[in-house]
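What follows is the residue order along each chain.
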Amino acid sequence: MSRTTRATQTLARAGISFTVHSYEYDPGAERVGLQAADALGEDPSRVLKTLMAEVDGKPACCIVPSDREVSMKKLAAAFGGKSANMMKPADAERLTGYHVGGISPFGQKKLVPTAIEQAALGEALVFINGGQRGLQLRLAPKDAQAVLKAIGAPLIS
């Protein structure tokens, strides 16, 4: 597994401090984020999942703790929209250039509006997908927010 991805290159170019962590990815896991948290020995609230959605038909990225579910109503509100739904996996892969299970908010092919769960911003360090299945990046959530120009908002149910 390569430890250099578009995600790591994006963070390095931005001067963001991060560490790279790999783990044994289980393609059969029911919830990939929880499996990553378990494999890394981390609290699931600090292992964030990257989800691709559509708000009023336009692409959006949201980053939430792996043990929580996104509220579509809150997601829509965060972007000033009326409705939100999850993006189809094939559309998410085409838009981001990453495979499902390895979608990172960093270094996506097309820059889309991004929101990060407000509660996660209170953590000292979090893990976010590094652009490959089985690859996580550990960094300060405020640094992630800054490089992504993400809004912080309550997104979870």
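Values in this document were obtained by computation on a predicted structure and should not be read as measured data. (Residues numbered from 1 in each chain as written. Predicted model: local features only at pLDDT ≥ 70, side-chain atom pairs only at ≥ 80, totals over all residues. Heavy atoms only, no water.)

A few words on helix α2 (residues 32-40). When α2 is considered as a whole, its buried residues turn out to be G33, Q35, A36 and A37. In this structure, the buried residues of α2 make contact with β2 (47-55) and β7 (135-139). Backbone geometry just downstream of α2 places G41 in the positive-phi region, at approximately 70°. (Buried < 20%, exposed > 50% of the residue type's maximum accessible area, 1.4 Å probe, protein only. Helix = DSSP H or I, 4+ residues; strand = E, 2+ residues; numbered from the N terminus. Contact = heavy atoms within 4.5 Å.)

For the structure shown, the criterion picks out 1 cavity of 30 Å³ or more. Around the largest cavity, the lining residues are P105, Q108, K110, L111, V112, T114 and L148. (1 Å grid on protein atoms, 1.4 Å probe; cavity = no way out; pocket = protein on both sides within 12 Å on 5 of 7 lines; lining within 4 Å. Points joined across faces, edges and corners; volume = space filled by probe spheres on them.)

Time to look at helix α5 (residues 141-148). Residues of α5 that are buried include every one of P141, A144, Q145 and L148, and no others. Down the axis of α5, the sector holding all buried residues measures 100°, keeping them to one side. Along α5, the residues that are exposed and aim more than 90 degrees away from the buried face are K142 and A146. Tucked into the core, α5 has its buried residues touching β3 (58-65), β5 (114-117), β6 (126-129), β7 and β8 (151-153). K149 sits one or two residues past α5 and shows a positive phi near 55°. (Arc of directions from axis to C-beta.)

Here the focus is unusual backbone geometry. In this model, D56 sits at a positive phi of 50°, which is unusual for a non-glycine residue. Assignment of secondary structure puts D56 in the loop between β2 and β3. The exposure class assigned to D56 is partly exposed, which follows from its relative accessible area of 42%. Phi at K149 takes a positive value of approximately 55°, unusual for a residue other than glycine. Assignment of secondary structure puts K149 in the loop between α5 and β8.

By themselves these figures say nothing about function.
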